[in-house]
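Fold and contact review
Listed below are the residues making up each chain.
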Amino acid sequence: MPRRNAPELFIPEPRLRPGDKPDFSNLDIPPVGVLDKPDEMVDFTEIPEHARSMIRVLDDDHKAKGAWDPHLDPETLRGGLRNMLKTRVYDERMHKMQRQGKMSFYMKCTGEEAVAVAQATALRPSDMLFATYRQQGLLITRGHSMLDMMCHCLSNSRDYCKGRQMPIFYTWREGNYFSISGSVGTQFSQAVGWAMAAAYKGQDDIACTWVGDGTTAEADFHYALTFAAVYRAPVILNVVNNQWAISSFQGIAGGISATFANRGRGYGLPGLRVDGNDFLAVYAATQWAADRARRGGGATLIEHYTYRADAHSTSDDPSKYRPRKEWEAWPLGDPIERLKNHLIVLGEWSEEQHEQLRKELEEEVAALFREAESYGTLHTGPRPDINLMFEDVYEEMPLNLRRQRQQVGV
Amino acid sequence: MTSMNMIQALNSAMDCLLDRDPNVVIMGEDVGYFGGVFRATAGLQQKYGRQRVFDTPIAEGGIVATAIGMGVNGLRPIAEIQFSDYIYPAIDQIVSEAARLRYRSGGEYYAPITIRSPCGGGIFGGQTHSQSPEGIFTHVSGLTTVMPSNPYDAKGLLIAAVESNDPVLFFEPKRIYNGPFDGDPNKPAEDWSRHEGGDVPEEYYSLPLRQAAIVREGADLTVITYGTMVHVSRAAVERSGFDAEIIDLRTLVPLDIETITKSVHKTGRCVVVHEATRTGGFGAEILSQIQEDCFWDLEAPIERVTGWDTPYPHAFEWEYFPGQERVLTAIEKVMGA
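Conventions adopted
- Residues numbered from 1 in each chain as written.
- Chains lettered and ligands numbered in written order.
- Predicted model: local features only at pLDDT ≥ 70, side-chain atom pairs only at ≥ 80, totals over all residues.
- Heavy atoms only, no water.
- Core = buried A, V, L, I, M, F, W, Y, C linked by side-chain atoms within 4.5 Å.
- Buried < 20%, exposed > 50% of the residue type's maximum accessible area, 1.4 Å probe, protein only.
- Helix = DSSP H or I, 4+ residues; strand = E, 2+ residues; numbered from the N terminus.
- Contact = heavy atoms within 4.5 Å.
- Buried area = accessible area lost by both parts, 1.4 Å probe.
- Salt bridge = Lys/Arg side-chain N within 4 Å of Asp/Glu carboxyl O.
- Polar contact = N/O pair within 3.5 Å; in protein donor to acceptor, adjacent residues only side chain to side chain.
- Domains from an automatic or database assignment.
- Patch = residues over 30% accessible without salt bridge, like charges linked within 9 Å, V, L, I, M, F, W, Y side chains within 5 Å.
- Areas by Shrake-Rupley, 256 points an atom, 1.4 Å probe, with all protein chains shown as cover.
- Pairing = 2+ DSSP bridges.
- Axes fitted to C-alpha atoms, helices over the stretch in contact; angles between N-to-C directions.

Looking now at the nonpolar core. Ranked by size, the top nonpolar core spans 84 residues in total, and within it Val235(A), Leu237(A), Leu249(B) and Ile260(B) carry the most contacts. No other element matches helix α6 (residues 186–201) of chain A, which puts eight residues into this core. Once you skip the residues sitting within four places of it in the chain, Val235(A) turns out to touch Ala191(A), Val192(A), Ala195(A), Ala207(A), Thr209(A), Ala228(A), Ala293(A), Gly298(A), Ala299(A) and Thr300(A). Of all hydrophobic cores here, the second largest spans 78 residues; its members include Tyr106(A), Ile168(A), Tyr177(A) and Tyr283(A).

Put into structure tokens, the structure is as follows:
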């Protein structure tokens, strides 16, 4: 970029806008296998390239290569593929139902399924998850009841959030999954506190938490990295760089001059930059960071390089700010297609099996939705008991709330 | 019984808590080896170890956030915010997270955390060491907001706060850490040894949250107050010659409205006193609730004595601070009406 000999207010701007032809030829995507896999307890100063380059395993010929290949058995791979596909089918069904007016709101994670599904596969069920609204794959992989997820989104009589939360703000204590907040980033620093308590108690469970690229600008990101580094908290800090924070491209969060993974290094934490659409790479990086945390090595910052294929939410229209069909040109592809092709190359899967699985999942999810609807929807009811509006503000209901409840007539 | 000042009483409360429950930890800026800038945690790290009483980075939002995470993982953290003037970076975590967690998760998760923070003026601390921000938090349902007025209450209420499964903001009026203060800065400083609130058992005890205390019974009027202003109000009442009932709220929210209405029903006259700024202050809420519940008992308009609606000014400490004269004037006004 030409420089003048005077300061100039620089406003970052994405290269392409609506009407432009999708083109990612400017991205420097390193080839598969360029990075070595160091011992988990390596000093962070010894692996600067891991924060700047990219951990990749699945090559263009769909084979797993390099030191980061986690050598997963076919059963695990098929499980991962199934969970990613189930996540996508769930999203598609829920999005459609939102468009039909059955829900007030919905958020898809299309194109980012590998992040949540591979990570949940790599972690133990007892590890604690502090997610954002775009990691529904965690719940699906851990086996949360999809009927419960739907009933929550429908704010119906079976909504476990008791009608208090917008759709997709799931909570699942039994599954070690923390209640999602609508204020982005708050969970990032809370996860560090959870991990500090785990270390205090001598547990070897770890915490794992996520933010998007945009949220790295929040104070909570800085709090999380500072506290994690200071107290060597056993936590994995993930930045899902899906390029877009609603309409603001990742350059507005500071992603132009340095990678997000590189930020860890300033705090004394290792940073790993990972091909976020590569199930095997995400799995391997997560396993590495989890082992490091369990061995007392503290936190790791992982940047998952991916692309938000769909709108931010059902209230958003990305055709207003980025080229249409940009995702189809994304050089790291579709995580589901890539894992599917890998399994096919291994001789462990086929297009026919895949189509069959998709059909089965679509039928299963559609049937579950019909059942969920039988418990009500936000607009048609039945909704949760109105009594519940006043409960859980405090453990014990104070007098003002008891009086207000009487005013409502319940 | 031992005579303790408020700092010693708070220290004793935390000592009891650390001793009884291994899940209690104390965290905050300078609270560890040094024992806190006001010495409230002095000696506790030495007694219980670094993992239980530790320094934090200067990041109030991070302190509260990590305390919430620890609470979710079974601990009962006591987080110190060094001055309540510095609590604002933590507001998102307090308001959007700690206060709402139980509700939003359908009761699955909650934040059993206590945030201790010295508040209030009278110490020439200027605008960043003198504020009374309790009214910001009393507006938030889900939070319990406490302010003790003497060492005995401070210990019992802090123990109850830490044992509560709801997040508690525990504001400590720093002007009365070392002794009661009646609002007259020219009088020699008094210590707690000659005040009944300075008698504090060394052993464990707790006092109920959500319960106001009647610190002086009376029939002519009701003075509703809390924190340092309990002592200022008491001195003003003595000077007035009226037989006032003084209510120390102790817990602001959830409010013990029944103690208030019972008293106002009896006296028919009422003065509300707090140190915090006036507009939108907690006094406005008390006035409003009295109006709703006791309008037909009232013999006179309710008076409100508060700090002015300015930032806390350094050179005008005693013109700003709502001292005895202002309380006295208000008492005379409601009695003369």
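Still more ground to cover, so stick around.
Once that is clear, we can look at the interface of chain A and chain B. With 46 residues of chain A in contact, the opposing surface of chain B contributes 50 residues. Here chain A and chain B share an interface that buries about 3800 Å² over both sides, 55% of which is from carbon and sulfur atoms. Per-residue buried area on chain A facing chain B is highest for Arg173(A), Tyr200(A) and Tyr394(A); these three make up 20% of the total on that side. Taken together, chain A and chain B are joined by one salt bridge. Among the ionic pairs, Arg403(A) bridges to Asp293(B), the shortest N-O distance being 3.2 Å. For the interface between chain A and chain B, the tally reads 28 residue pairs in polar contact (both at pLDDT 80 or more).

Moving on: the side chain of Gln45(B). Here Gln45(B) lies in helix α2 (residues 44–48). Residues within four places of Gln45(B) in sequence aside, it is in contact with Gly32(B), Tyr33(B), Arg50(B), Val53(B) and Phe54(B).

A few words on the domain arrangement of chain B. Residue and element names in this part refer to chain B. Looking at chain B, the domain boundaries give domain 1 (2–200) and domain 2 (213–336). Of the residues lining the interface, 33 residues belong to domain 1; the matching set on domain 2 comes to 24 residues. Note on domain 1 versus domain 2: buried area summed over both sides is about 2400 Å², and carbon and sulfur give 58% of it. Taken together, domain 1 and domain 2 are joined by two salt bridges. Across the pair Asp-153 and Arg-250 runs a salt bridge whose closest N-O atoms are separated by 3.3 Å. Elements that contribute at least two residues to the side of domain 1 that touches domain 2 include exactly α6 (134–138), β6 (144–146) and α7 (151–163). Take the side of domain 1 that touches domain 2: its biggest share by element is three residues, from β6.

So, about the side chain of Arg338(A). Residue and element names in this part refer to chain A. With respect to the helices and strands, the residue Arg-338 is situated in helix α10 (residues 335–345). Classification of Arg-338 as buried rests on a relative accessible area of 13%. Polar contacts involving the side chain of Arg-338 include one to the main-chain carbonyl oxygen of Leu-58, which spans 3.2 Å. Side-chain polar atoms of Arg-338 contact the backbone oxygen of Asn-277, separated by 3.5 Å.

Below, the discussion takes up the pattern of salt bridges. All names here are of chain A. Scanning all chains against the criterion turns up 45 salt bridges over all chains. In this structure, the salt-bridge partner of Arg-88 is Asp-334, at a minimum N-O distance of 2.7 Å. Residue Arg-88 is located in helix α2 (residues 74–99), and its partner Asp-334 is located in the loop between β7 (300–305) and α10; the two are separated by 246 residues in the primary sequence. With respect to burial, Arg-88 and Asp-334 carry one shared label: buried. The shortest N-O distance in the salt bridge between Asp-310 and Lys-108 comes to 2.8 Å. Here Asp-310 is found in the loop between β7 and α10, whereas its partner Lys-108 is found in the loop between α2 and α3 (113–122), with 202 residues between them in sequence. Residue Lys-108 is classed as buried on the basis of its relative accessible area of 13%. Salt bridges sharing partners connect three or more residues here, namely Arg-56, Asp-275, Asp-278 and Arg-338.

Moving on, we come to a nonpolar patch on the surface. Among the surface-exposed residues, Ile386(A), Met389(A), Val408(A) and Val410(A) lie close enough to one another that they form a single nonpolar patch of about 280 Å² accessible area. Tracing the sequence through the fold places Val408(A) in helix α12 (residues 399–408).

Before going further, it helps to examine the environment of Pro173(B). All names here are of chain B. Relative to the elements of secondary structure, Pro-173 occurs in strand β7 (residues 168–173). Separated by 68 residues in the primary sequence, Pro-173 and Ser-105 have C-alpha atoms spaced 34 Å apart. For Pro-173, the contacting residues outside a window of four places in its chain are Met-6, Cys-119, Met-147, Pro-148, Gly-227 and Thr-228.

All names here are of chain A. With respect to topology, five strands assemble into an open sheet ordered β1-β2-β3-β7-β6, the strand pairing being parallel. Every other strand in the sheet has two partners, leaving β1 (128–130) and β6 (271–275) as the edge strands with one partner each. Mean inter-strand twist for the sheet, computed between neighbouring axes without regard to direction, equals 20°. Pairing of strand β2 (residues 207–212) with strand β3 (residues 235–241) involves six bridges; the strand directions are parallel. In the strand pairing of β3, Val-211 is matched with Val-239.

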